[in-house]
Structure formats: structure tokens, C-alpha cells
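Chain residues, written in single-letter form:
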Amino acid sequence: MSKPILGILGGGQLGSMLAQAAKEISIETVIYCDEEDAPAKKFANHFIFGDYKDIKTIDKFINIVDLVTFEFENIPYDTLEYINKIKNVYPKPSINKILQNRFYEKNFVNKLGIKTTDYVLINKEQDVIENKVLLPSLLKTTTLGYDGKGQYKLNSIDELNNLKIDYSIEYVLEKFIDLKKEISVIITRYNNEEFQIYEPIENIHQKQILKKSKIPADIGDELKNKSKEWAKKIANELDYIGTMCVEYFVDKNNELYVNEIAPRVHNSGHLTINAFNISQFENHIRAVCELEKIKLKKQSNAYMINILGDEIIEYRNKKYNSNEFFFDYMKKEIKFKRKMGHLTVLRD
Ligand code: ADP
Ligand code: MG
């Protein structure tokens, strides 16, 4: 079979890195994005600008690709389903339906016998009051949150008055965990049910945004194995094809909890570009395009720093050593806290 043409929904930094990885293994890409000057435009073979609900433009996209994947999970489910009737979408849209919603996602994880922090669905203020045993908590919108957006810290019921919460949308109230560490496991599942799994990555967040990721994670073997086993179990249960990420919390008693699952390549896995022979992006492309799975080898330990907002100016003017890899996402506008680039440093 000749190599397929891969459609990618979303043209941000993840779409850029997917398109670059595809190019390196001679896979042609078509990126579809609702932003005309999307960063990934430069890296794709073709680029289509359109709204994710504009079926006419989506049809044009479907016509010129062999299969479709995406860089972020919040593409409208109806659009994914529509595309999937004509060309295969990987991972499957039904997975998104579960993982786009924090409440469904936590229900799914707990049904597998895997732990999350305690949580409850919230539709009105009275629901919060009735569940005050969960405080201190985070109140999170069930859908569309990222980088800590749509989240409120709640220490006591009195604070509700100041927060002005809009109950026309749904939330989950989840118990706040006294974190010892956060880790993530990046896993790629191929359609022959084989895995490619990276070692757990330790993540440091600042104000709910990922700031630094590193390998090896400073955790014991028991947690390393458990986090990998859980990721495998989740990927199997979802019949997942491609790369996904499971984010975990570790509390002060070394208990492991699933925080959330990203059905896509993930920011914490950027260091795989330089630290492994095959990156999370290449693994994703290989899995969805049904290419050969190549044995994964770590080349080096590493850490990655996210460059946020105007920090990028300083990084653009720096000189780098041969073990330092600076990635500039070339976003048009510098915005406060926006992910503008990253730096990966390899070390022994
Ligand atoms: P997002 O979709 O914005 O990534 P997350 O649910 O992953 O949302 O939350 C972002 C970060 O906020 C987490 O990585 C963690 O640092 C902190 N956080 C979220 N939920 C909790 C919790 N229940 N207890 C403690 N910290 C939390
Ligand atoms: Mg998260």
C-alpha cells in the first residue's frame, strides 16, 4: 500500500510537531484549522482554514485525505462522527465523547477499578453545599477546560458568594489533593494491540500550567510500574489507536490517582523529541497510519521547560549548547501565560 495522506484537525504547536514528525517519515499532511495564520501552516503539505462546524469546508478536507487525527480533544463531537463515517478517525470519536467531559471521564476510570480523587457532579449551588465534605476542592467545568481555565479553588462554602459561578453549565467538584508529585505516562497503542510506552515523566505546574517536565521522574519503582499498568489498561479499554497521555497525582502517602486523560500527544511528552529515538509524535503518526512500530530507546535523560508569554523574547536571543534544543512556536501574538515555545535540555 502506498503511504496514506494524513488529515490533522488543529494547527497549533501540537499540530506543528505532528506535521513535522510526519514529514520526516514521508507522510503527507493536510491541516484543518479555524485560525487562518495557524502555526502548523508552515509544516503541513496542505492547509485548510475553516470552522470546525462548517461541514462544507470539512467535506473538502475529507476529500483530500485518507484518514484523520487531531491535535486537541475539543473538536465538536458531531464533526468527528461525521468525518468518521467517510474516512477513519483515530483515535475513535467515541473516545472523545468520554474524555471531553470530566464527569464521564472520571466515571470511566473508576469503573476500571482505577482511582481518581473523590468527585461529584454539580448543577446548582445547593449541590456544592450538600457536598461540602469534599472541601477544600476544585470546582471545574465538565468541558472545555485547559491550563487551569474554568477552575475555582473552594476552601469553604462562604467563598461561593464571591465566585459568581455560572450554573448554566455543569461542573465537577473534586477533592483537593495535597500533592507530593505529578507525573504523566505517554503511551502509544498500535492497532495490533501492541504498545509503545515511555517511562513516567515528572511534571511541575505553576498556577495550574505545566512549567517543567523531566525524566527520570523522582518516584519509586512501584509507582513507575503502577502508572504504566494503569495507562495500558485505559488504552486497552478504550481500544485506543495513537498516542495518549494519562496525567496522575501522587499524594503525600504515595497514593496514585488519575487526574485526567488526554486523547492526543501531550505537552509533557515534548522531551521525547530529543530524548528518545522515536518521539510521541512519530509514534502517533506510525500508529494511526499503520506503519511499522520501531523499538523505543531512550537516548538520554532530559528536562523540558515551557516558555510562557513574554519569556519568549529572552529565549529568542539566547545562545544554546549542543545539548539544548529551543523550540519557538512562532505564534503571531505574545499573550500572558500563553505557551510560546519550549526548551529541552539533555543530560546524563
Ligand atoms: P487542565 O485541563 O487545565 O490541565 P487539570 O485538571 O489537569 O486541568 O488541572 C491543572 C492542574 O491543577 C493540575 O495539573 C494540578 O497541578 C492542579 N490540580 C487540578 N486538580 C487538582 C486537585 N484535585 N488537587 C490538587 N491539585 C489539582
Ligand atoms: Mg491537566
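Before reading further, recall that the structure is shown in the block above.
Structural notes, computed from the coordinates. (Residues numbered from 1 in each chain as written. Chains lettered and ligands numbered in written order. Predicted model: local features only at pLDDT ≥ 70, side-chain atom pairs only at ≥ 80, totals over all residues. Heavy atoms only, no water.)

Thoughts on the overall build of the protein chain
- Secondary structure assignment for the protein chain yields 11 helices and 18 strands.
- Here the protein chain has a C-alpha radius of gyration of 20 Å; the compact-globule value for 348 residues is 20 Å, and the two agree.
- Taking the principal axes of the C-alpha coordinates as reference, the protein chain spans close to 60 × 50 × 45 Å.
- Of all 348 residues assigned to the protein chain, the portion counted as buried reaches 53%.
- Counted over contacts in the protein chain with a minimum sequence separation of 6, partners at least 24 positions apart contribute 59%.
- Carbon together with sulfur atoms contributes 46% to the accessible area of the protein chain, which is approximately 16,200 Å² in total.
- Taking the 51 positively charged and 51 negatively charged side chains of the protein chain as two groups, their mean positions are separated by 3 Å. (Helix = DSSP H or I, 4+ residues; strand = E, 2+ residues; numbered from the N terminus. Rg over C-alpha atoms; globule rule 2.2 N^0.38 Å. Buried < 20%, exposed > 50% of the residue type's maximum accessible area, 1.4 Å probe, protein only. Contact = heavy atoms within 4.5 Å. Areas by Shrake-Rupley, 256 points an atom, 1.4 Å probe, with all protein chains shown as cover. Lys, Arg positive; Asp, Glu negative; His and termini not counted. Charge placed at Lys NZ, Arg CZ, Asp CG, Glu CD.)

Structural notes on the site of ligand 1
- Lys140, Gly148, Glu182, Asn259 and Glu260 are the nearest of the 20 residues found near ligand 1.
- For ligand 1, an oxygen atom lies 2.8 Å from a polar atom in the side chain of Asn259.
- The separation between an oxygen atom of ligand 1 and a polar side-chain atom of Glu260 is 2.8 Å.
- Contact with the protein chains hides 93% of the accessible area of ligand 1, taken as 540 Å² for the molecule alone.
- For the shell around ligand 1, the secondary-structure elements that each account for two or more residues are β7 (137-141), β9 (171-175), β10 (179-189), β14 (242-251) and β15 (256-262).
- Its residues placed into classes, the shell around ligand 1 shows 6 nonpolar, 6 polar and 8 charged. (Near = heavy atom within 4 Å. Polar contact = N/O pair within 3.5 Å; in protein donor to acceptor, adjacent residues only side chain to side chain. Nonpolar A, V, L, I, M, F, W, Y, C, P; charged D, E, K, R; others polar.)

Re the pattern of salt bridges
- In total, this model carries 19 salt bridges according to the counting rule given.
- Across the pair Glu260 and Arg102 runs a salt bridge, and its minimum N-O distance is 3.0 Å. You can see Glu260 sitting in strand β15 and its partner Arg102 sitting in helix α5 (residues 102-111), a full 158 residues away along the chain.
- The partly exposed category is assigned to Glu260, whose relative accessible area is 23%.
- Of the charged contacts in the structure, one is a salt bridge between Glu174 and Lys140, with a shortest N-O distance of 3.0 Å. Pair noted here: Glu174 is in strand β9 and Lys140 is in strand β7, with a separation of 34 residues, a long-range link. A single burial state applies to Glu174 and to Lys140, both of which are buried.
- Each of Lys92, Arg189 and Asp239 takes part in salt bridges that share partners, so that together they form one network. (Salt bridge = Lys/Arg side-chain N within 4 Å of Asp/Glu carboxyl O.)

Some details on the state of the cysteines
- Under the definition given, this model contains 0 disulfides.
- Between Cys33, a cysteine without a disulfide, and Cys289, which holds the nearest cysteine sulfur, the sulfur-to-sulfur distance is 20 Å. (Disulfide = S-S within 2.5 Å.)

Re the coordination of the magnesium ion (ligand 2)
- Taken together, the protein ligands of the magnesium ion (ligand 2) are Glu247 (OE) and Glu260 (OE), with distances of 2.0 to 2.4 Å. Pair noted here: Glu247 is in strand β14 and Glu260 is in strand β15, with a separation of 13 residues, a long-range link.
- Classification of Glu247 by relative accessible area gives buried; the value is 13%. (Donors = N, O, S within 2.8 Å, 3.2 Å for Na, K, Ca; no water.)

Structural notes on the packing of aromatic side chains
- Under the criterion given, the structure shown has 10 aromatic pairs.
- Between Tyr167 and Tyr171 the ring centres are 6.2 Å apart and the planes differ by 70°, which places this aromatic pair in the edge-to-face class.
- By relative accessible area, which is 23% here, Tyr167 ends up partly exposed.
- Ring plane angle 40° and centroid distance 6.2 Å describe the contact between Trp230 and Tyr248, whose orientation is recorded as tilted. Of this pair, Trp230 sits in helix α8 (residues 221-238) while Tyr248 sits in strand β14, placing them 18 residues apart in sequence. (Phe/Tyr/Trp six-rings, centres within 6.5 Å; stacked < 30°, edge-to-face > 60°.)

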